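Coordinates in review
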Amino acid sequence: MTTVRRVHPWLTLLQRVCRQSCQRAPAATNTLLLTPPHHAAAAGRASPPHFRAFALSARSLRNTDDFSSGRSTGFTEGEEEGEDFMDDSEVEELFQQQVPAGIGEGQHRVFIVHPDVKWGSRKQHLTTAELMMAEAVGLVNTLDNWRVVDKIIMSTKTPEKKRIFGKGNFQSLTEKIRQTAGITAVFVNVERLSPLSERELEEAWGVKVFDRYSVVLHIFRCNARTKEAKLQISLAEIPLLRSRLKNEITNLDQQGGGSRYIGGSGETLLEVQQRLLREREMKIRSALEKLRKKRHLLRSQRKHKEFPIVSVLGYTNCGKTTLIKALTGDSHLQPRNQLFATLDVTVHAGQLPSHMTVLYVDTIGFLSQLPHQLIDSFSATLEDIKHSDLLVHVRDISHPEAVNQKVNVLNVLRNLQIPDRLMNSMIEVHNKIDLIDSYQFTEPHALPISALEERGLDELKKAVEEEIVNSTGKHILDLKVDLSTRQLSWLYKEATVQDVQVNADEGSAVVKVIISTAAYGRYKKLFTGR
């Protein structure tokens, strides 16, 4: 009974395996999905599991109001011919299954430990231990019912070892943690802890131990609202669940229970749990792939409408959403002074000085020291950046780590293999100049603004317009039109009309327009016969 309690999160699933194996003929083998019992396939292990497919239909983009509602990227629920549909309850069930144990259980009083690496490849050169500790405190404070009880910066020359610190430092740290009353968790401010390190530290300190990966992932989980966000978080949690599984099985092996076969199924406890995770991962990836295709469909619709796409990106909490609200006047946007407040891509329409309509894409914020696995899980969301016409990099220039944050953002963009044309044309914005006394303009290529006070936005819009015209191949033309025809109304619909000079005597007008190559070709075919 003690053994079963140690793997409580898996109890229901194991009971199901036992029931199924008892009910089947001896020759039958198990195929068990991380879904309700009626989804469990009765086929043999050689047969692929059959999943209900995940499908979303892209809504047609009737007008620019579709983008100013503050909604996600234009997906609506629906069912397409030939495709099954995963409804909200199924996504929610998948999202709630196998939540990493310990981290989401009520309140936490946290002791933060920051290992200050003195030399070697893991030493941070563009920041300080104090600033990294401040960011760790900010992560904890982002979570409701989490509170920092105490914190410590401790030097280490051996960050790769399972206990991270040398013997003396580790002993004094352990004494300090054990002597601090009311601690329920320790947050070790490193990218990832190995399963072995996590188990050693939990045994030494007697409380749950978290790393940046698990804390950031929990912030994501708390902020997830849409199906896509929940699925991407569920995928990102797989490595965390595998780590916890290794620790649980090690504990069981010490009692002689980890290698026992389950209910005559021919599988050990470890094998069953590993298979459950593999099948869960397959289901999530299948769903996300269908979402990726729908997102591609939506992008094609935007391109057909010829709306230029401007992706607004930057370090978390740099003011991206506030800037988009200021550029578009979208009242639905409610910026929050919080890390990772935006997890989903949202699209919002705005007008440039020429009256050209552009779509501003609000993206997930970046953070230093995040594992590639976490970034990869959000690749479907971040993929939108690659398909933009222009990137706007927003920097919180008031932040003491502004330089380090810029480096981290650029590194992530390079890892995402963003095309050179976008990297070279990217506009850099220095936001929050209102928080700096006597702001000194030291980087001539950057644009200083205050999104909150709406300062510097005219200059930014002009810069965006100039780059959009260059990147999209649009033309600025003076076209003579006959006012007795529908030429003028057609241009208003299909191009950006900047100016109209009417000649009443001739019944004509000279119209200054910004027009795409494709639209200009259609115009000539319709009205000039060429």
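Residues numbered from 1 in each chain as written. Predicted model: local features only at pLDDT ≥ 70, side-chain atom pairs only at ≥ 80, totals over all residues. Heavy atoms only, no water.

Spatially, β13-β15-β14 is the arrangement adopted by the 3 strands of the open sheet, whose pairing is antiparallel. Since the sheet does not close on itself, it has two edges, and those belong to β13 (475-482) and β14 (496-503), each with one partner. For this sheet the average axis-to-axis angle between neighbouring strands, irrespective of direction, equals 20°. Direction of pairing for β14 relative to strand β15 (residues 508-515): antiparallel, over a ladder of 7 bridges. Among the inter-strand pairings, Val497 is bridged to a residue of β15, identified as Val513. Most of the contacts of helix α18 (residues 517-527) go to β13, to which it runs at about 20°, and overall it touches β13 and β15. (Pairing = 2+ DSSP bridges. Helix = DSSP H or I, 4+ residues; strand = E, 2+ residues; numbered from the N terminus. Axes fitted to C-alpha atoms, helices over the stretch in contact; angles between N-to-C directions. Contact = heavy atoms within 4.5 Å.)

Another point: the pattern of salt bridges. The full count for this structure, using the stated rule, is 16 salt bridges. Between Lys208 and Glu202 there is a salt bridge, and its shortest N-O distance comes to 3.5 Å. Residue class for Lys208 comes out partly exposed when judged on its relative accessible area of 24%. The partner of Lys406 in a salt bridge is Glu428, and the shortest N-O contact between them spans 3.0 Å. Taken as a pair, Lys406 in helix α14 (residues 402-415) and Glu428 in strand β11 (residues 427-431) lie far apart in primary sequence, 22 residues in all. Residue Glu428 is classed as buried on the basis of its relative accessible area, which comes to 8%. (Salt bridge = Lys/Arg side-chain N within 4 Å of Asp/Glu carboxyl O. Buried < 20%, exposed > 50% of the residue type's maximum accessible area, 1.4 Å probe, protein only.)

With that settled, the discussion passes to the environment of Phe187. Position of Phe187 relative to the elements: it lies in strand β5 (residues 185-188). Contacts of Phe187, omitting those with residues within four sequence positions, involve Val110, Phe111, Ile112, Val113, Ala136, Leu139, Val140, Phe210, Asp211, Arg212 and Val215.

Moving on, we get to helix α8 (residues 227-236). Of all the 10 residues making up α8, 10 are buried; the element is thus mostly covered by neighbouring parts of the structure. Looking at α8, one finds that the buried residues are Lys227, Glu228, Ala229, Lys230, Leu231, Gln232, Ile233, Ser234, Leu235 and Ala236.

Turning next to the environment of Glu454. Relative to the elements of secondary structure, Glu454 occurs in the loop between β12 (447-448) and α16 (457-472). Note on Glu454: relative accessible area 53%, which makes it exposed. Spatially, the C-alpha atom of Glu454 lies 8.2 Å from that of Leu323, the residues being 131 residues apart in sequence.

Moving on, we come to the sheet that holds strand β3 (residues 108-117). Here we have 4 strands laid out as an open sheet, ordered β4-β3-β5-β6, and parallel in their pairing. Here the strands that pair on one side only, and so sit at the sheet edges, are β4 (146-156) and β6 (208-210). Here the average twist between neighbouring strands, direction ignored, is 25°. As paired elements, β3 and β5 share 4 bridges and run parallel to each other. The residue of β5 that forms the bridge with Val113 is Val188. Sitting on the sheet, helix α5 (residues 167-179) is in contact with β3, β4 and β5, with an inclination near 165° to β4. Docked against the sheet, helix α6 (residues 195-205) engages β5 and β6, running at close to 140° with respect to β6.

We now examine α6. The periodicity of an α-helix, 3.6 residues per turn, causes residues three or four positions apart to be oriented the same way. For α6, a buried count of 9 out of 11 residues is recorded, marking the element as mostly surrounded by other parts of the structure. What α6 keeps buried is the set Pro195, Ser197, Glu198, Arg199, Glu200, Leu201, Glu202, Ala204 and Trp205. Just past α6, the residue Gly206 takes up positive phi, approximately 75°.

On their own, these measurements won't tell you what the molecule is for.
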